[in-house]
Amino acid sequence: MKIENKKSPNFKGYSPLMSGNNNPDNAGDLQEGFEFGWEPLDSNATIGHDKSGVMAGANVWPSELPALRYDALQYYHAAVNLGKNLFPLFALALDLPSTFFDDKTQHSAALMKLLHYPPQTGPFDERVIGIGAHTE
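Residues numbered from 1 in each chain as written. Predicted model: local features only at pLDDT ≥ 70, side-chain atom pairs only at ≥ 80, totals over all residues. Heavy atoms only, no water.

Asks: Describe the side chain of arginine 69, with residues and values.
Replies: Tracing the backbone shows arginine 69 in helix H1 (residues 66-93). Judged by relative accessible area, arginine 69 falls into the buried class, the value being 15%. Separated by 2.7 Å, the side chain of arginine 69 and the backbone oxygen of proline 40 make a polar contact. Residues within four places of arginine 69 in sequence aside, it is in contact with Glu39, Pro40, Leu41, Asp42, Ser43 and Trp61. (Helix = DSSP H or I, 4+ residues; strand = E, 2+ residues; numbered from the N terminus. Buried < 20%, exposed > 50% of the residue type's maximum accessible area, 1.4 Å probe, protein only. Polar contact = N/O pair within 3.5 Å; in protein donor to acceptor, adjacent residues only side chain to side chain. Contact = heavy atoms within 4.5 Å.)

Below is the structure:
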């Protein structure tokens, strides 16, 4: 597949069903997903974010689903903005100035992965689950 994440230098894009295996004792993860990172909603905009770092690099989007880019990025930006609104509260809870995290969170390195877990019906292999044991 053209937009498979393993073909992308920054591993963004589509991860096919059973392409991951978080727990080597299992047979695979019964999920598929689509991973992407920061990008302006306006595809013509180029300002406002640092383009360097491990999480940097262009997102890949399926040409067959033109609305996915905008809809997914709207959700992504809402989640990032929620996080940015929470950081002053975290700082205050730690008896720090409310702006303590501002310089540390200016350029988000957040990646988002939209996941689909198909239903497991009928007989199933106990080594195939939605996602194996892992840490975030």
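Asks: Outline H1, listing residues and values.
Replies: An α-helical turn contains 3.6 residues, so any two residues separated by three or four positions project in the same direction. Across its 28 residues, H1 extends 42 Å between first and last C-alpha, which sits within 8% of the 40 Å expected from 1.5 Å per residue. The complete set of buried residues in H1 reads Arg69, Ala72, Leu73, Tyr76, His77, Val80 and Ala91. Immediately beyond the C-terminal end of H1, within one or two residues, lies aspartate 95, with a positive phi of roughly 60 degrees. (Expected span 1.5 Å × (residues − 1).)

Asks: Hey, could you go over the pattern of salt bridges for me, with residue numbers and the actual values?
Replies: Considering all chains together, one arrives at two salt bridges under this definition. Here glutamate 39 makes a salt bridge to arginine 69, at a shortest N to O gap of 2.6 Å. With glutamate 39 in the loop between strand S3 (32-37) and H1 and arginine 69 in helix H1, this residue pair connects regions lying 30 residues apart in the sequence. For the pair shown, glutamate 39 and arginine 69 are each scored as buried. The partner of aspartate 103 in a salt bridge is lysine 104, with the nearest N and O atoms 3.0 Å apart. On the basis of relative accessible area, aspartate 103 is assigned to the exposed category, the value being 57%. (Salt bridge = Lys/Arg side-chain N within 4 Å of Asp/Glu carboxyl O.)

Asks: Residues and numbers for the nonpolar core, please.
Replies: Ile3, Tyr14, Phe34, Phe36, Trp61, Ala72, Leu73, Tyr76, Val80 and Met112 together form the largest nonpolar core, which totals 10 residues. Contributing elements (two or more residues each) for this core: S3 and H1. With four residues, the single largest contributor to this core is H1. Beyond its immediate sequence surroundings of up to four residues, tyrosine 14 is in contact with Met1, Ile3, Glu4, Asn5, Glu32, Gly33 and Phe34. (Core = buried A, V, L, I, M, F, W, Y, C linked by side-chain atoms within 4.5 Å.)

The values are spatial; any link to function lies outside them.
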